[in-house]
Amino acid sequence: MSEICLQGLPAAPGILVGTLHAITSAMENRSRSAGDPAAELAALQSAIDRSIGDLEELASRVAGDGADILAFQIAMLGDEELAGPARREIGLGRAADQAWMAAMAVQIADYQGAGDEYFRARAADFIDLRDRVLGHLAGKTETSTLPPGAILAADELPPSRFLALDWSQGGAVALARGSPTSHVAMLARARGVPMAVGLGAELLRVAGGAAQPREKTAAIDGGRGVVVIGPGPERRAEMSALKAREDEARAVAATYRDTMAQTQDGTRIRVLINVADPAELAGIDPALCDGIGLVRTELLFHGHRALPDEEAQFAVYRRIVEWATGRPVTFRTLDAGGDKPIPGLTIANESNPFLGLRGLRLSLVRPEIFAVQLRALCRVAALGHVKVMLPMVSQPGELAQARAHLDRAIADLADAELRHARPALGIMVEVPAVALTPGRFAADFFSIGSNDLTQYVLAAARDLDSVAAIADPSDPAVLRLIAEMAEHGRAIGREVSLCGDAAADPVLIPALLGAGLRALSVAPQSVGRVKAAIASVRLDGAGR
Amino acid sequence: MNEMKETIISSGGVTVADKIRVTHATGLHARPSVKFTMLAKTFAADIEIAAGPEGPWIDAKSIVKVMATKVPKDTLLHVRANGAEAEAAVLALVDLVRRDFDEGSGGG
């Protein structure tokens, strides 16, 4: 049998190979015939009371986050309002289970439609309550156990069900739906249970329902949101190697965790992280880094039927800024085009997209889209230390135009009396024209995008294997431009950082620091390794 | 956060009202809502909250309704109470929000 690879979203990091154990929701194929309303009302109340009893019993065995979630569910069930609509329906002759399901469907839909992701994730709590009460109405008692070290596969996993299972012997969770911000994801992270969500209906089709249990082995990588069903020997070896590397990286990161990065001779280097999705921040302690050096906002613009509106963008940006708790967060405005096409936005079939309408160039010809993003960014700037960075700037006029758009967004927000602040406005240094004559660009800060700078300096595409050896960020021409940028920043007192792949390469780090850089932005999982590499560098004597 | 408390004598008796900025990171979310409604239920007064001066006013003792309001961070939460202990109820609830529900601005 060949392996099936499912890509979802990361919810809790960790790698595990184990037996897949599918569980189904209590919702399936159930309907009771309506008795007289008084009997149905009594049945519903008894099911609710017994559900509260279950949850109280469960709450007495757990602590911390788990207990808080159960307290919330108990309070919900204990509120007369919750079953009010169901009671009215029963009065009209409906069966208790049908009436309860209809009432809960309204609640669930209401939360699923919420603009705020935190509230949206609460739909899972209502599904949990719905199913628990339905189970009691059907006279079914819950007996779900999980074999030690198994990977639980389900459509959604209610938090109360997660808490009822014993995770002390290992185990992992794979969900067809679900959200990284759900209560159950929070619990999985707190208990170190690997978890991937949003894996799609395929998961349950392959795993088989409880009705047709089939012994299936699977491998899960919670940190990458991947589940492989029926992994072959090669995949198993790859997964155990990944696990070993992850364990080692965790050990290294733990060593450097709360220590600020500095060279062997004591020069402080700021290490920031690159982020594309707030879900990546789950389980990362902000103390690990000096802030976020690059938020790629492109992801927001993918996989949507329409472009994200101001509120949707604001909600995502806010989560990132709140995570950073006062540390600087640099948002890069939409960097589409080049190797990152977005259907309906970027120009299709450009003969050379890397030299085409990409990055800021695209934003300036689509000002209506740019304005929405700038407004959302100015609003989030009121909540923390927010900086805005423009990609693919080549001429000073582009920066001036972008600044005018920013001024207009701020004026609009002031008119609308929406809370906002002016973020620092900086530019990416990717185009050689900028690196050669940075003095022409009145930016508040500079961030070197070493991947693009390298490909433009050496005229070697970053996505072509045949010229990969030429696209070398340690080429003397590239390093000279980096050194001149660092010198320019020092001379005018503006920050210059670097956020390309080169920043995470332990071999290149000595050269980058030697060129004068004092801030590097890397993927979160590289932070430990980068701090370790920095600690082995001596700058006295290595100076330029 | 020094908005003035107001006391209105209406035909229905004494209504005490106040407002407070919600600073909790996730707004009036699961855990804060549990604390808020549990505290509200310790008072005999009728207590209502709203996310704006125009309402809609909802029952502060119902967690189903309080959560359904989905009050986000930075909302100026309006609280009003009528009947026995109205003043104490408003004071206590506003103070709970001011204390950030006795938790750091963490997750929810």
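Notes on the structure in this doc start here. (Residues numbered from 1 in each chain as written. Chains lettered and ligands numbered in written order. Predicted model: local features only at pLDDT ≥ 70, side-chain atom pairs only at ≥ 80, totals over all residues.)

1. A look at the overall build of chain A
Helix and strand counts for chain A stand at 19 helices and 16 strands. Buried positions account for 47% of the 544 residues belonging to chain A. When contacts within chain A are restricted to residue pairs at least 6 apart in sequence, long-range pairs at least 24 apart make up 70% of them. (Helix = DSSP H or I, 4+ residues; strand = E, 2+ residues; numbered from the N terminus. Buried ≥ 20, exposed ≤ 12 C-beta atoms within 10 Å, placed from the backbone. Contact = placed C-beta atoms within 7 Å.)

2. Structural notes on the packing of helix α2 (residues 65–78) of chain A against helix α1 (residues 30–40) of chain B
How two helices sit against one another is set out by the angle between their axes and by the gap between those axes. At a closest axis distance of 9 Å, the pairing of α2(A) and α1(B) adopts a crossing angle of 55°. Put simply, α2(A) runs oblique to α1(B). Helix-helix and strand crossings are classified by hand; for α2(A) and α1(B) the assignment is left-handed. Where α2(A) abuts α1(B), its residues A:Asp68, A:Ala71, A:Phe72 and A:Ala75 lie against B:Ala30, B:Arg31, B:Val34 and B:Thr37. A breakdown of the residues in the contact of α2(A) with α1(B) according to their chemical character gives five nonpolar, one polar and two charged. (Axes fitted to C-alpha atoms, helices over the stretch in contact; angles between N-to-C directions. Parallel < 35°, antiparallel > 145°, perpendicular 65-115°, else oblique. Left-handed = near helix turned anticlockwise from the far one by under 90°. Nonpolar A, V, L, I, M, F, W, Y, C, P; charged D, E, K, R; others polar.)

3. Observations regarding the packing of helix α1 (residues 37–59) of chain A against helix α6 (residues 123–137) of chain A
All names here are of chain A. One can describe the packing of α1 onto α6 by two numbers: an axis separation of 8 Å at closest approach and a directional angle of 120°. Between α1 and α6, the interaxial angle falls into the category oblique. Handedness of the crossing formed by α1 with α6: right-handed. On α6, the residues that touch Ala43, Ala47, Ile48, Arg50, Ser51 and Asp54 of α1 are Arg132, Val133, His136 and Leu137. Its residues assigned to classes, the contact of α1 with α6 shows five nonpolar, two polar and three charged.

4. Quick word on the sheet that holds strand β2 (residues 9–12) of chain A
Adjacent strands of a sheet pair through backbone hydrogen bonds, lying either parallel or antiparallel. Residue and element names in this part refer to chain A. Taken in spatial order, the eight strands of this open sheet run β1-β8-β7-β3-β4-β5-β6-β2, and their pairing is mixed. In this open sheet, the two edge strands, each paired with only one partner strand, are β1 (4–7) and β2. On average, each strand axis in the sheet is tilted by 25° relative to the strand beside it, whichever way the strands run. Inspection of the sheet shows strand β3 (residues 15–22) paired to strand β7 (residues 216–221) by six bridges, in the antiparallel sense. (Pairing = 2+ DSSP bridges.)

5. Considering the environment of A:His21
All names here are of chain A. Structurally, the position occupied by His21 is in strand β3. C-beta crowding within 10 Å serves as the criterion here: with 23 such atoms nearby, His21 is assigned to the buried category. Residues His21 and Ala218 lie 197 residues apart in sequence; the distance between their C-alpha atoms is 9.7 Å. Ignoring any residue separated from it by four or fewer positions in sequence, one finds His21 in contact with Leu146, Pro147, Ala150, Ile151, Leu152 and Ala153.

6. Re the interface of chain A and chain B
With 17 residues of chain A in contact, the opposing surface of chain B contributes 17 residues. For the side of chain A that touches chain B, the elements supplying multiple residues, two or more each, are α2, α3 (80–91) and α5 (117–120) of chain A. With five residues, the top contributor of residues to the side of chain A that touches chain B is α2(A).

7. Side note on helix α16 (residues 450–458) of chain A
Residue and element names in this part refer to chain A. By the criterion of burial, α16 is predominantly enclosed, with seven of the nine residues buried. For α16, the complete set of buried residues consists of Ser450, Asp452, Leu453, Thr454, Gln455, Tyr456 and Val457. Buried residues in α16 make contact with β13 (424–429), α15 (432–436), β14 (446–448), α17 (476–492) and β15 (496–498). Following α16 by one or two positions, Ala459 adopts a phi angle in the positive range, close to 50°.

8. Brief notes about the nonpolar core
Residues and elements named next belong to chain A. Core analysis: the biggest nonpolar cluster contains 103 residues, and Trp100, Ala153, Ala174, Met195, Ile220 and Val227 have the highest contact counts within it. Among the domains, domain 1 (4–21 + 146–242) and domain 2 (37–137) are the pair contributing at least three residues each to this core. When sequence neighbours within four positions are dropped, the list of residues in contact with Ala174 reads Ile151, Leu152, Ala153, Ala196, Leu199, Leu203, Ile220 and Val227. Residues Ala324, Met428, Val429 and Leu512 belong to the second largest nonpolar core, which totals 83 residues. (Core = buried A, V, L, I, M, F, W, Y, C linked by C-beta atoms within 7 Å. Domains from an automatic or database assignment.)

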